[in-house]
Amino acid sequence: MASEDGLLFCVPDFPTKVFSSLNELRSEEKLCDVTLVVKDRSLVSHRVVLAAASPYFNAMFTGDMLESRLQKVTLHGIEFAALEELINFCYTGRTEIHVENVQSLMCASSLLQLSNVKQACVEFLHRALHPANCLGIRSFADTFCCGDLVQAADVFALKNFSEVSQSEEFQALAPDEVVALISSEELNVRAEEEVFEAVMFWLKKDLDERRDFLSELLKHVRLPLVRPQFLCDRIATEDLVRNSLACRDLIDEAKDFLLLPERRSKLQSSRTKPRKCSEAAGLIYAIGGLNSSGEALCSVETFDMLSCQWSPTSPMNTLRTRVGVAVLDNRLYALGGFDGHKRLSTVEFYNPVLDKWIPAAPMNTRRSALGAATVNGKIYVVGGYDGHISLSTMECYSATANSWSFLAPMSTLRSAAGVTELNGKLFVIGGHNGLSIFSSVEVYDPQTDKWGPGASLLMRRCRVGVATLNSCIYVCGGYDGSSFLNTVECYDPQTQQWSFVAPMNTRRSRVAVVALGNCLYAIGGYDGLTNLNTVECFDPRANRWSFVSPMCKHQGGVGAGVLPRGPFV
């Protein structure tokens, strides 16, 4: 620090110029005091520069090692081109990483303890992950104890298993490595048939050496979840399977599960449970809503996260917009709504096994703009509008009895509120009563049949989209009485407080929101001018919204729910 009558003089680029001059001296072989040798090639350098840049050379030249007294130092376990590149880095702080040199640079930077170069190589390999190379990168990263890269390669391989299982690297795996992949709950496959085909692809690469591993591998294929036709026509007719008693036992187990549904509760095992891969966990169903003319629809379409595409499926029996949606026992329920003429009390559910919509008992009250959620095996519908006033009443549906019953009403009339379940309780969020728009929240405890207040939103809003993700509640978009909103609030039950997260790219009221694959999806809505068919996805880890494929058959006002990918047993 300069004194009051002194002057602090500083040349900002002085260190850079000094190192540049040192590099010129090195290139001219002036004042160099060490020669590094790799096999029959060598380069000269300055000990002080190497010791300052590399802990490896620092220990070598400043300690009591023999190399500290030698003019020529021979290095082993390193490629000369990589050494040359890293010595240049010691002088310039720059190096170029590309596909051809990344592995040799990572080996060399590990040896020389140039951690910043090693980390740059790790990041390069992370970006370079591909179905054809991810298993090799994983093995390489494991050799150099790069845990983050190992984990990233594992996640990539599981997520892209369909393509990875067709690669040469997959065929080169050891048996225990194949088991580690195909036994994972996070294995991302459209159907278990893909896992069986991957096992056979690996096995037949070296049949003489690998045939004895078939029964062990087949234990990790969830045969009870394959299609019956595939089990009988493809798996059971495979000679390698037919010639193995252990494999035939697994076939019999799968047949019992598929053919004796009344015994499935007694036939449970790890092979009878669908995998939990977040990327392939289910399909999003968008139901009802409006067409481009603003007319109510009965059409339904599904969004597949694997293909990122929407596809039409069986339509409902009734036109419905502003419809409530809930999922119970792998069935998608459409509750009430508006058919363009009147508010509805009717209910129907989609059975994915039959690919058919089936009527269920109607609610006791006509409701559109209602909220719905499933808690502890029952469907709860709350509030809404009956064509005359907003409602405070709540009904509960028992699928076993196929009947509705009234429970304790809310303290406030609420239409167009958001409803979701969190920790076994029902949260009713925002909404309006025809005169006022609310920021208030009510919480229902099914154990006591009582309502209590919850933490209020940061801003009032109705016509919101609500979903629970990772034990937090997200409230998206809506309308505050003067503006259509793109803002998003998140409720943390630990702090019992709301906070803003990244806003959506589009203003959306009457938006449907669902959680799937550790992400939120905001589907359709109305931006104040236009009914929307666009869809956005929110990644809470990145705190970012991005557009995905738009709906094909809807122009906003849809209800939405998620069904698992199946099979449905």
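The model shown is predicted, which means the values in this text are computed figures rather than measured ones.

Conventions we followed
Residues numbered from 1 in each chain as written. Predicted model: local features only at pLDDT ≥ 70, side-chain atom pairs only at ≥ 80, totals over all residues. Heavy atoms only, no water. Domains from an automatic or database assignment. Pairing = 2+ DSSP bridges. Helix = DSSP H or I, 4+ residues; strand = E, 2+ residues; numbered from the N terminus. Axes fitted to C-alpha atoms, helices over the stretch in contact; angles between N-to-C directions. Contact = heavy atoms within 4.5 Å. Buried < 20%, exposed > 50% of the residue type's maximum accessible area, 1.4 Å probe, protein only. UniProt positions renumbered as here; feature names shortened; annotations may be inferred.

Once that is clear, we can look at the domain arrangement of the chain. How big an interface is tends to be stated in terms of accessible area lost as the parts join. Once the domains are mapped, the chain shows domain 1 (13-128), domain 2 (173-266) and domain 3 (283-563). The distance between the C-alpha centroids of domain 1 and domain 2 comes to 51 Å.

Attention now moves to the sheet that holds strand β1 (residues 34-38). Spatially, β2-β1-β3 is the arrangement adopted by the 3 strands of the open sheet, whose pairing is mixed. Edge strands, defined here as strands with exactly one partner in the open sheet, are β2 (41-45) and β3 (72-74). Strand-to-strand, the axes of this sheet are offset by a mean angle of 25°, without reference to chain direction. As paired elements, β1 and β2 share 5 bridges and run antiparallel to each other. If you follow Val38 over to β2, its bridge partner there is Arg41. Together, β1 and β2 form the strand contacts of helix α4 (residues 80-92), whose direction differs from that of β2 by roughly 10°.

Right, let's talk about the environment of Val102 for a bit. Within the secondary structure, Val102 is located in helix α5 (residues 102-111). Exposure remark for Val102: the relative accessible area of 4% places this residue in the buried category. The spacing of Val102 and Gly528 is 426 residues in sequence and 52 Å in space, taken between C-alpha atoms. Beyond its immediate sequence surroundings of up to four residues, Val102 is in contact with Ile97, Cys121, Phe124 and Leu125.

All right, on to the UniProt feature "domain: BTB" (unreviewed entry) in the chain then. Residues annotated by UniProt as "domain: BTB" (unreviewed entry) correspond here to residues 32-99. Split by type, residues 32-99 is 41% helix and 19% strand. Its first and last C-alpha atoms lie 32 Å apart.

A positive phi angle, near 55°, is found at Gln496, a position not held by glycine. Residues other than glycine seldom take positive phi values, yet Asn543 does so here, at roughly 50°. Position of Asn543 relative to the elements: it lies in the loop between β25 (531-539) and β26 (544-548).

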